[in-house]
Amino acid sequence: MFYTLLWSNKTLLIKMTNFEWPWQYNFPPFFTLQPNLDTRKKQLESWCSLVLSWAKHHKKYTIDLTEAATSELFHNKSLNRKLTSDAIGTIFAELKKRGNLEWNDAKRTRCTILWRSAEEWGNIIYRWANNAGLSVCTLYELAQGDDTLNEEFHGLDTDVLIKALRSLESKNKAELMLSDGNEGVKFF
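Residues numbered from 1 in each chain as written. Predicted model: local features only at pLDDT ≥ 70, side-chain atom pairs only at ≥ 80, totals over all residues. Heavy atoms only, no water.

(A) Up close: the packing of helix α1 (residues 37-58) against helix α3 (residues 85-97). Two elements in contact, α1 and α3, have axes separated by 10 Å at closest approach and are oriented at 80 degrees. It follows that α1 is roughly perpendicular to α3 by the angle criterion. In contact with Leu44, Trp47, Cys48, Val51 and Leu52 of α1, α3 contributes Thr90, Ile91, Glu94 and Leu95. Grouping the amino acids of the contact of α1 with α3 by side-chain chemistry returns seven nonpolar, one polar and one charged. (Axes fitted to C-alpha atoms, helices over the stretch in contact; angles between N-to-C directions. Helix = DSSP H or I, 4+ residues; strand = E, 2+ residues; numbered from the N terminus. Parallel < 35°, antiparallel > 145°, perpendicular 65-115°, else oblique. Contact = heavy atoms within 4.5 Å. Nonpolar A, V, L, I, M, F, W, Y, C, P; charged D, E, K, R; others polar.)

(B) Local environment of the sheet that holds strand β9 (residues 174-179). Strand order in the open sheet made by the three strands is β8-β10-β9, with antiparallel pairing throughout. Because the sheet does not close on itself, it has two edges, and the strands there are β8 (136-138) and β9. Each neighbouring strand pair of the sheet contributes to a mean axis angle of 20 degrees, computed without reference to strand direction. Summarising the sheet, β8 and strand β10 (residues 182-187) pair through three bridges and their orientation is antiparallel. What sits directly across from Cys137, in β10, is Val185. Contacting β9 and β10, helix α6 (residues 158-170) runs over the sheet at an angle of about 135 degrees to β9. (Pairing = 2+ DSSP bridges.)

(C) Main features of the side chain of Gln43. Examined against the element boundaries, Gln43 turns out to sit in helix α1. In this structure Gln43 comes out as buried when scored by relative accessible area, which is 6%. From its side chain, Gln43 meets the backbone oxygen of Phe30 in a polar contact 2.9 Å long. Beyond its immediate sequence surroundings of up to four residues, Gln43 is in contact with Pro29, Phe30, Thr32, Leu33 and Gln34. (Buried < 20%, exposed > 50% of the residue type's maximum accessible area, 1.4 Å probe, protein only. Polar contact = N/O pair within 3.5 Å; in protein donor to acceptor, adjacent residues only side chain to side chain.)

(D) Region of the structure containing the pairing of strand β7 (residues 110-113). As judged from the three bridges shared by strand β3 (residues 62-64) and β7, these two strands associate in the antiparallel manner. Paired with Ile63 across the bridge in β7 is Cys111. In sequence, strand β6 (residues 101-103) turns back onto β7 through a hairpin of six residues, with Arg108 there showing a positive phi of about 60 degrees.

(E) Region of interest: α1. For α1, built from 22 residues, the straight-helix expectation of 32 Å at 1.5 Å per residue is met to within 8% by its first-to-last C-alpha distance of 31 Å. Turning to α1, its buried residues number three or more, namely Gln43, Leu44, Ser46, Trp47, Cys48, Leu50, Val51, Leu52, Trp54, Ala55 and His58. Between the side-chain oxygen of the N-cap and the backbone nitrogen of Asp38 there are 3.0 Å, and the N-cap of α1 in question is Asn36. With its phi angle positive at about 50 degrees, Lys59 sits one or two positions after the end of α1. (Expected span 1.5 Å × (residues − 1).)

(F) The arrangement of the pairing of β10 in detail. Judged from the six bridges that link them, β9 and β10 form a sheet pairing that is antiparallel. Following the sheet pairing, Leu176 is matched in β10 by Val185. If you look at the hairpin formed by β9 and β10, you'll find two residues sitting between the two strands, and Asp180 has a positive phi there, around 45 degrees.

Written out as structure tokens, the structure reads:
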């Protein structure tokens, strides 16, 4: 069970949501990379989709590979099945190839999962800012503020947020202001 904490009119609301596992998650061979290339291609597609859906549901942006290996994502305890480290590496390599993963360190032990591209996040944020009539706001207000509580980008990882705003900058739709702890953005 996953709990989302929401503040509404100074009242804490708890929203309970369950992640819905795809049927493959309860199919034991899913946890062993298949040797047949066509089957493996479909299997990797399913795993990539699962990783992105899981990360989106749990609003996970950074994944530590050591922790991931023992998490429910790669270990189905009811089946007593889990992916090997090599298989997880293969899935992450596929996510990288697709543009849904960026390594955070040279040893490839931590990564950022992008279920939306920086450009997609930027467009969502830009639409929201225009609809809200905002021209300037802090990064904290965007990612953690009360006004964005019901927005998909609420809680967005700071690094992903900056990449999203840089994509807007490249289109002359925004200007990032990052200096001396004053982090904000001006929308055009």
